[in-house]
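# Structural overview
These are the residues of each chain, in order.
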Amino acid sequence: MKDFDKLCREFEQIDADTYADVLMSKSEAILPVLMAFSEDGLTGAEIFASFIYGALAADGKLSEEEYALVYPLLHIFLGDDVNYEDTAKAFRSMKSDNREMKKRVDEMVDLIGLFSDELKADIIIVIMLICAVDGKISLREKNWIKQLIK
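Now for a look at the structure at hand. Counting starts from 1 at the beginning of each chain's written sequence and moves along it residue by residue. Under the rules for a predicted model, residues below a pLDDT of 70 receive no local features and side-chain atom pairs below 80 are neither given nor counted, while totals for whole chains, interfaces and linings still include all residues. Values shown for side chains rest on all heavy atoms present in the structure; no hydrogens or waters enter the calculation.

### As for the side chain of Glu 141
By the element assignment, Glu 141 lies in helix H8 (residues 139–149). We call two residues in contact whenever any of their non-hydrogen atoms come within 4.5 Å of each other. Dropping the residues within four chain positions of it, Glu 141 is found in contact with Ala 55, Ala 58, Asp 59, Glu 66, Cys 131 and Lys 136. Under the scheme used here, helices are H or I runs from DSSP no shorter than 4 residues and strands are E runs no shorter than 2 residues, and both carry numbers assigned from the N terminus.

In C-alpha cells, the structure reads:
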C-alpha cells in the first residue's frame, strides 16, 4: 500500500492547472463510454454523477469551497440544474444512511468492474482528484477508494 499512499500524496500536491486539465481530459474519456452504457435506465451523466457524489461524500464532509472546485465538472455533466443546496441535500442523505452508502459503493464497484482496465483507471483517477480537491485525501477517502479498486 505504500505505492497507493505515494499516489495519494501526488494527487494532494497537484497544481490547479494540471488538476483541471487532468480532470477534464479523463472526464471527456469516461463520459462517452458511460453514455453508451446504460444500467437500470441511468444516463451516462447520471452514472458519472454518482461517482462524483460518492467521491464528495467519502470523507463525510462537504464544504462550499470543495463544492465550488468541483462545480464546473458537475455543471458540464448535469447542466444548469446542479446547485450547492441540492448537492448538499443529496450528500446529507447519503451520509446519514450508511446502508445507502454501502449499497452505492457496491454498485460502483460492480459497475467499474464491467469496464476496461484503462477506463477503470480513469474513473479512479477522477475520484482521487475529487477527493484531493481540498488538498488532502483523508483516511476515510483512502479506504473508500481502496474499496473501488478491489
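### A closer look at the nonpolar core
Of all hydrophobic cores here, the largest spans 45 residues; its most connected members are Ile 127, Ile 130, Trp 144 and Ile 145. Elements that contribute at least two residues to this core include exactly helix H1 (2–12), helix H2 (16–36), helix H3 (44–57), helix H4 (64–78), helix H5 (84–96), helix H6 (98–113), helix H7 (117–131) and H8. Ile 145 has contacts with Phe 4, Ile 124, Ile 127, Met 128, Cys 131 and Ile 137, leaving out every residue within four places of it along the chain. The term nonpolar core refers to a set of buried residues drawn from Ala, Val, Leu, Ile, Met, Phe, Trp, Tyr and Cys, joined through side-chain atoms within 4.5 Å. Classification of residues uses two cut-offs on accessible area relative to the type maximum, computed with a 1.4 Å probe and protein chains only: under 20% is buried, over 50% is exposed, and between them is partly exposed.

### Regarding the packing of aromatic side chains
Any pair of Phe, Tyr and Trp rings, taking the six-membered ring for Trp, is counted once the centres come within 6.5 Å. Such a pair is stacked with planes under 30 degrees apart, edge-to-face with planes over 60 apart, and tilted for the rest. For the coordinates displayed, the defined rule picks out two aromatic pairs. Centroid distance Tyr 67 to Tyr 71: 5.8 Å. Interplanar angle 55°. Geometry classified as tilted. Of this pair, Tyr 67 and Tyr 71 both sit in helix H4, four residues apart, roughly one helical turn. Of the residues examined, Tyr 67 reaches a relative accessible area of 7% and is grouped as buried. Measuring from centroid to centroid gives 5.3 Å for Tyr 67 and Tyr 84, while their planes differ by 70°, and the two rings are edge-to-face. Of this pair, Tyr 67 sits in helix H4 while Tyr 84 sits in helix H5, and the two are 17 residues apart along the sequence. Following the ring pairs from residue to residue traces out a cluster consisting of Tyr 67, Tyr 71 and Tyr 84.

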